[in-house]
Structures are given as structure tokens and as C-alpha cells.
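# Analysis of the macromolecular model
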Amino acid sequence: MSLYECVILARQEVSAPQVETLIDEMANVISAGGGTVAKKEFWGLRNIAYRVKKNRKAHYVLLNLDAPSAAVKEMERQMSLNEDVLRFLTVRVEELEEGPSAMMQARNNREDRPRREDRGFERGPREDRGPREDRGFRPDRRPEGAE
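Residues numbered from 1 in each chain as written. Predicted model: local features only at pLDDT ≥ 70, side-chain atom pairs only at ≥ 80, totals over all residues. Heavy atoms only, no water.

## Some words on the pairing of strand β1 (residues 2-11)
Looking along a regular strand, one sees side chains alternate from face to face of the sheet. Formally: Think of it this way: DSSP has to see at least two bridges between two strands before they count as a pair. What counts as a helix is a DSSP run of H or I of at least four residues, what counts as a strand is a run of E of at least two, and both are numbered from the N terminus.
Inspection of the sheet shows β1 paired to strand β3 (residues 55-67) by 10 bridges, in the antiparallel sense. The residue bridging V7 from the neighbouring strand is L62, located in β3. Across 8 bridges, β1 lies against strand β4 (residues 85-93) in antiparallel orientation. Bridged to A10 within β4 is V85.

## Some points on the nonpolar core
The cut-off we apply is this: Working definition of a nonpolar core: buried Ala, Val, Leu, Ile, Met, Phe, Trp, Tyr and Cys residues. They are joined through side-chain atoms within 4.5 Å. Each residue is placed in one exposure class: buried if its accessible area under a 1.4 Å probe, protein chains only, is under 20% of its type's maximum, exposed if it is over 50%, and partly exposed if it falls in between. What makes two residues a contact is simply this: any of their non-hydrogen atoms within 4.5 Å.
Grouped together as the largest cluster of nonpolar side chains are 20 residues, with contacts concentrated most on C6, I8, I30, L63, L65, M75 and M79. Of all elements in the fold, only β1, α1 (16-32), β3 and α2 (69-81) reach the threshold of two or more residues within this core. Element by element, the count of residues in this core is highest for α1, at 6 residues. Residues in contact with C6, not counting those within four places in the same chain, are V61, L62, L63, L65, M75, M79, L89 and T90.

## Considering the pairing of β3
In terms of burial, β3 is a largely internal element, 10 of the 13 residues being buried. Sheet topology places strand β2 (residues 36-52) next to β3; 11 bridges connect them, and they run antiparallel. Bridge pairing in β3 links K39 to N64. Counting the residues that bridge the hairpin from β2 to β3 gives 2 residues, and of these K53 lies at a positive phi of roughly 50°.

## Quick notes on a negative patch on the surface
The condition that has to hold: Patch membership needs two things, relative accessible area over 30% and no salt bridge, and members are linked within 9 Å if like-charged or within 5 Å if nonpolar (Val, Leu, Ile, Met, Phe, Trp, Tyr). Calculation of accessible area relied on Shrake-Rupley with a 1.4 Å probe; when residues are assessed, cover is drawn exclusively from the protein chains displayed. Counted as salt bridges are all cases of a side-chain nitrogen of Lys or Arg within 4 Å of a carboxyl oxygen of Asp or Glu. His is not counted here, nor are the chain ends, while Lys and Arg score as positive and Asp and Glu score as negative. Charged groups are reduced to one reference atom each: NZ for lysine, CZ for arginine, CG for aspartic acid, CD for glutamic acid.
Among the surface-exposed residues, E94, E95, E97 and E98 lie close enough to one another that they form a single negatively charged patch. On the basis of relative accessible area, E94 is assigned to the exposed category, the value being 77%.

## Looking at the sheet that holds β1
The condition that has to hold: Interaxial angle, 0 to 180 degrees, is taken between N-to-C directions of lines fitted to C-alpha atoms, where a helix line uses only the stretch in contact.
Taking strand neighbours across the sheet as the criterion, the 4 strands line up as β2-β3-β1-β4 in an open arrangement whose pairing is antiparallel. Since the sheet does not close on itself, it has two edges, and those belong to β2 and β4, each with one partner. Taken pair by pair, the neighbouring strands of this sheet meet at an average axis angle of 20°, ignoring direction. Contacting β1, β2, β3 and β4, α1 runs over the sheet at an angle of about 130° to β2. Here α2 sits on the sheet in contact with β1, β3 and β4, set at roughly 165° to β4.

Shown next, in the form of C-alpha cells:
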């Protein structure tokens, strides 16, 4: 059997539990074809680079598959018939990635960073600068003699 990675984009109007049901249906197609789903990763609702069927956002899901090609083709056929699936991409890989994918690692790194207000930045007027009049502010900047 071959190893595959499949990324699925589902419509934004579909709720998260419905996306899980959709993915479970695809996993059942794979298991009926003699394969297994090694990993399911829900990347959440994310922006799409360009509109796809009038949608600007989509639910992203990654599946790691260990299945024969006939099962993968049947899964792709089922996804192409399903109107909730906007796009999908299945790629054959040499080995399946263990642990979280690069998308999930990026999200974890973002959560580790301190928030902007925690870094010591303060918003508001700068106290090291004086009033505008003290800084040489001229309300009329027209050259002398010009009317």
C-alpha cells in the first residue's frame, strides 16, 4: 500500500461537527477499500488566497493515509460529488510525518509569543515630546510674500 497526504477544504457555512462527519465518511471509504487513516488534523476555519465558488474562507483538514490507490481514487470521486467540499489535494509521499504538521507547529509558536500589551509598549501621547508650539509648529507654512 502507498502513503498519501490529503488536504480537504470544506465550505465555511458548514459547521465543525459537520466537517468531522464528512471526514469520517471519507475515512470509512478508505477503510472499506482496505486502507487506514493514520492521522486527522483539523486546521480550522482559515482564509483562502482567492475566492473559490464564492467562498473566502474554508475549513481545512489534513488526512494521512495508508491505502491502495483504488481506495484513494474512490475517496476523491466521493469528494468531487460532495458540494460541501470546495477543493482537495492528494499527494503521494515516501513516509508519513509523525507529530503535528507544519501548520499546527506554526499555530503553537504563535501562542507562545507574548501579546503586544505584554511587551511593554504603551499607547497614547508621547511624554518625551513637548506641546506642538514648543517643537516649532507653524500653522501657516506658506512662504513669506505668497498670498
